[in-house]
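Inside the fold
The residues making up each chain are set out below.
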Amino acid sequence: MANSPQSRKRARQAETRRRRNASQRSMVRTSIKKVRGAIADGDAKAAAEALDAAVPVIDRMANRGIMHPNQAARHKSRLSAGIRNITRDQNSD
């Protein structure tokens with residue numbers, strides 16, 4: 001346990017930040033799951049709407065340091081590719 005006043009304060013700050021970061025991480029994961037769910041259902045319109053809502057969340061987490069910028073770019077790229085694939089499949093039918 002922290003002994004000095006400074007270390008007690010640091011422990012409090014660390015716990016607050018840990019909780020906030022966990023909440024933010026959960027929010028971005030949920031938004032990604034919504035897009036993936038729409039892609040799995042084959043609903044291109046719903047998937048595109050979910051992606052439009054998810055991209056700002058992903059970018060915000062990358063700016064805040066919750067996720068690495070390259071990881072954010074990878075998520076956006078793969079989700080976009082998934083939507084392109086179901087759109088292509090629907091147009092080819």
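Please read these numbers as outputs of a predicted model, since none were measured by experiment.

1. Digging into the overall build of the protein chain
For the protein chain, the helix and strand inventory stands at 3 helices and 0 strands. On C-alpha atoms alone, the protein chain measures out to a radius of gyration of 18 Å, which is more than a quarter above the 12 Å that the 2.2 N^0.38 rule sets for 93 residues. Within the span of the protein chain, comprising 93 residues, buried residues form 27% of the whole. Sequence separation of at least 24 residues holds for 61% of the intrachain contacts in the protein chain that already meet a minimum separation of 6. Accessible surface, the protein chain: about 6700 Å² in total, of which carbon and sulfur atoms supply 47%.

2. A short note on the packing of helix α1 (residues 5–41) against helix α3 (residues 69–92)
Between α1 and α3, the least distance of the axes is 10 Å, while the angle of their chain directions is 20 degrees. Taken together, α1 and α3 sit at an angle that is classed as roughly parallel. Crossing of α1 against α3: the hand is left-handed. Along the contact surface, α1 presents I32, V35, R36 and I39, while α3 presents H75, L79, G82, I83 and I86. Here the contact of α1 with α3 is built from residues that sort into 6 nonpolar, 2 polar and 1 charged.

3. What to know about the environment of G82
Mapping G82 onto the fold places it in helix α3. When the C-alpha atoms of G82 and A38 are compared, they prove to be 9.9 Å apart, with 44 residues separating the residues in sequence.

4. Details of the packing of α1 against helix α2 (residues 44–64)
α2 packs onto α1 with a crossing angle of 155 degrees between their chain directions and a minimal axis gap of 9 Å. By the angle between their axes, α1 is roughly antiparallel relative to α2. Note on packing geometry: the crossing formed by α1 with α2 is left-handed. Of the residues in α2, those touching α1 at Q24, M27, V28, S31, I32, K34, V35, A38 and I39 are A46, A47, A50, L51, A54, V57, I58, M61 and R64. Classifying every residue of the contact of α1 with α2 gives 14 nonpolar, 2 polar and 2 charged.

5. Section: α1
The end-to-end C-alpha distance of α1, which contains 37 residues, comes to 54 Å, matching closely the 54 Å that a straight helix rising 1.5 Å per residue would cover. All of the buried residues in α1 are Q24, V28, S31, I32, V35, A38 and I39. Elements in contact with the buried residues of α1: α2 and α3. Downstream of α1 by a residue or two, G42 has a phi angle that is positive, lying close to 80 degrees.

Criteria and thresholds
Residues numbered from 1 in each chain as written. Predicted model: local features only at pLDDT ≥ 70, side-chain atom pairs only at ≥ 80, totals over all residues. Heavy atoms only, no water. Helix = DSSP H or I, 4+ residues; strand = E, 2+ residues; numbered from the N terminus. Rg over C-alpha atoms; globule rule 2.2 N^0.38 Å. Buried < 20%, exposed > 50% of the residue type's maximum accessible area, 1.4 Å probe, protein only. Contact = heavy atoms within 4.5 Å. Areas by Shrake-Rupley, 256 points an atom, 1.4 Å probe, with all protein chains shown as cover. Axes fitted to C-alpha atoms, helices over the stretch in contact; angles between N-to-C directions. Parallel < 35°, antiparallel > 145°, perpendicular 65-115°, else oblique. Left-handed = near helix turned anticlockwise from the far one by under 90°. Nonpolar A, V, L, I, M, F, W, Y, C, P; charged D, E, K, R; others polar. Expected span 1.5 Å × (residues − 1).

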